[in-house]
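# Architecture at a glance
Here's the letter readout for the chains.
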Amino acid sequence: MNALRELFAPLIAWNPPLALAFLAMLTAQGFKFIRSIFRRRRPDFTRLIGTGGMPSAHSASVTALSVGVGIGHGWGSPLFAVAAFFSVITMYDATGIRRAAGKQARILNRLVEDLHEHHKITPERLAELLGHTPLEVLVGALYGAVLAFLLHP
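So, how was this worked out
Residues numbered from 1 in each chain as written. Predicted model: local features only at pLDDT ≥ 70, side-chain atom pairs only at ≥ 80, totals over all residues. Heavy atoms only, no water. Helix = DSSP H or I, 4+ residues; strand = E, 2+ residues; numbered from the N terminus. Buried < 20%, exposed > 50% of the residue type's maximum accessible area, 1.4 Å probe, protein only. Polar contact = N/O pair within 3.5 Å; in protein donor to acceptor, adjacent residues only side chain to side chain. Patch = residues over 30% accessible without salt bridge, like charges linked within 9 Å, V, L, I, M, F, W, Y side chains within 5 Å. Areas by Shrake-Rupley, 256 points an atom, 1.4 Å probe, with all protein chains shown as cover. Salt bridge = Lys/Arg side-chain N within 4 Å of Asp/Glu carboxyl O. Expected span 1.5 Å × (residues − 1). Arc of directions from axis to C-beta. Axes fitted to C-alpha atoms, helices over the stretch in contact; angles between N-to-C directions. Parallel < 35°, antiparallel > 145°, perpendicular 65-115°, else oblique. Left-handed = near helix turned anticlockwise from the far one by under 90°. Contact = heavy atoms within 4.5 Å. Nonpolar A, V, L, I, M, F, W, Y, C, P; charged D, E, K, R; others polar. Phe/Tyr/Trp six-rings, centres within 6.5 Å; stacked < 30°, edge-to-face > 60°. Core = buried A, V, L, I, M, F, W, Y, C linked by side-chain atoms within 4.5 Å.

With respect to the helices and strands, the residue His152 is situated in the segment after helix H6 (134-151). A residue is classified by how much of its surface remains accessible, and His152, at 11% relative accessible area, is buried. A distance of 3.4 Å separates a polar side-chain atom of His152 from the backbone oxygen of Gly68.

Here it is as C-alpha cells:
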C-alpha cells in the first residue's frame, strides 16, 4: 500500500481532491477497457472514453473528489457539502436521465433499422450505452471512496 501511495504522491500532493478524482476516473475507465478485452476477446478502445458500463467512472471520480474534500477540509465543512451534493446529483443523473436516454436510443435504433429495411433512408445509429445501472454506480462510488481513503495524504 505504501508503494502505491508513494507512486502517486507527486500527483496527489498539488491538489489531493482533484488529483484523486482524475485518478479514479482514469483507472475506472481502464477497468472497463480491461473488462472489455476479457468479455469480447479483443480490445474495445471506445471503453477508454465511453460512457456507461461497470464501474461508473463518473461515480468513482465524484466520490473520490467528495471524500478528498471531506478528509482535507472536514466532513462538516460547506465545501464538503457542495461536493457531496453535486456528487449525488451526478450519480442520480447517471442512473436516471442518462440511463433512460440510452433505453430510448436503443428503441429508436430498432425503429430506424426497421424503416431502413422497407424504405430508402440512411440510418444513423444513436449511442445506447449512456447511463448506468444502480449497481454500476454503487461499485463506482465505493471504488472512488476507497481510493480516496487509501491515497489521500
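Read on, since the account is not over.
Before going further, it helps to spend a moment on a nonpolar patch on the surface. Taken together, the side chains of Leu11, Trp14, Leu18, Phe22 and Leu26 present a nonpolar region at the surface, about 530 Å² in accessible area. At 3 residues, the largest contribution of residues to the nonpolar patch is made by helix H2 (residues 16-40). Positionally, Phe22 belongs in helix H2.

This paragraph deals with helix H4 (residues 78-95). With 18 residues, H4 extends 26 Å from end C-alpha to end C-alpha; this agrees with the ideal 26 Å at 1.5 Å per step. When we look at burial in H4, the residues that qualify are Phe80, Ala83, Ser87, Met91 and Ala94. The buried residues of H4 occupy an angular sector of 65° when the element is viewed end-on, so they sit on one face. Of the residues in H4, the exposed ones pointing more than 90 degrees away from the buried face are Pro78, Phe85, Val88 and Tyr92.

At a closest axis distance of 9 Å, the pairing of H4 and H6 adopts a crossing angle of 150°. Classified by the angle between their axes, H4 and H6 sit roughly antiparallel to one another. Crossing hand, H4 versus H6: right-handed. Between H4, through Met91, Ala94 and Thr95, and H6, the contact on the second element is made entirely by Pro134, Val137 and Ala141. Class assignment for the residues of the contact of H4 with H6 results in 5 nonpolar, 1 polar and no charged.

What follows is about the packing of aromatic side chains. On inspection of all chains with the given rule, the structure shows 4 aromatic pairs. An angle of 75° between the planes, with centres 5.2 Å apart, marks the rings of Phe31 and Tyr143 as edge-to-face. Highlighted residues: Phe31 in helix H2 and Tyr143 in helix H6, separated in sequence by 112 residues. An angle of 80° between the planes, with centres 5.7 Å apart, marks the rings of Phe85 and Phe86 as edge-to-face. Taken together, the aromatic side chains of Trp75, Phe80 and Phe149 make up a single cluster linked through ring pairs.

Moving on, we get to the side chain of Thr63. Examined against the element boundaries, Thr63 turns out to sit in helix H3 (residues 57-73). Thr63 has contacts with Ser87, Met91, Ala141, Gly144 and Ala145, leaving out every residue within four places of it along the chain.

Right, let's talk about the nonpolar core for a bit. Soluble globular proteins tend to pack their nonpolar side chains together in the buried interior. The biggest cluster of nonpolar side chains holds 14 residues, and the ones touching the most others in it are Ile12, Leu20, Ala24, Ala64, Leu147, Ala148 and Leu151. Among the elements of the structure, H2, H3 and H6 are those that each provide at least two residues to this core. Counting residues per element, this core draws most heavily on H2, at 5 residues. Setting aside anything within four residues of it in sequence, one finds Ala148 in contact with Leu20, Ala64, Val67, Gly68 and Ile71. If you look at the next biggest cluster of nonpolar residues, it comprises 5 residues, including Val62, Met91, Val137 and Ala141.

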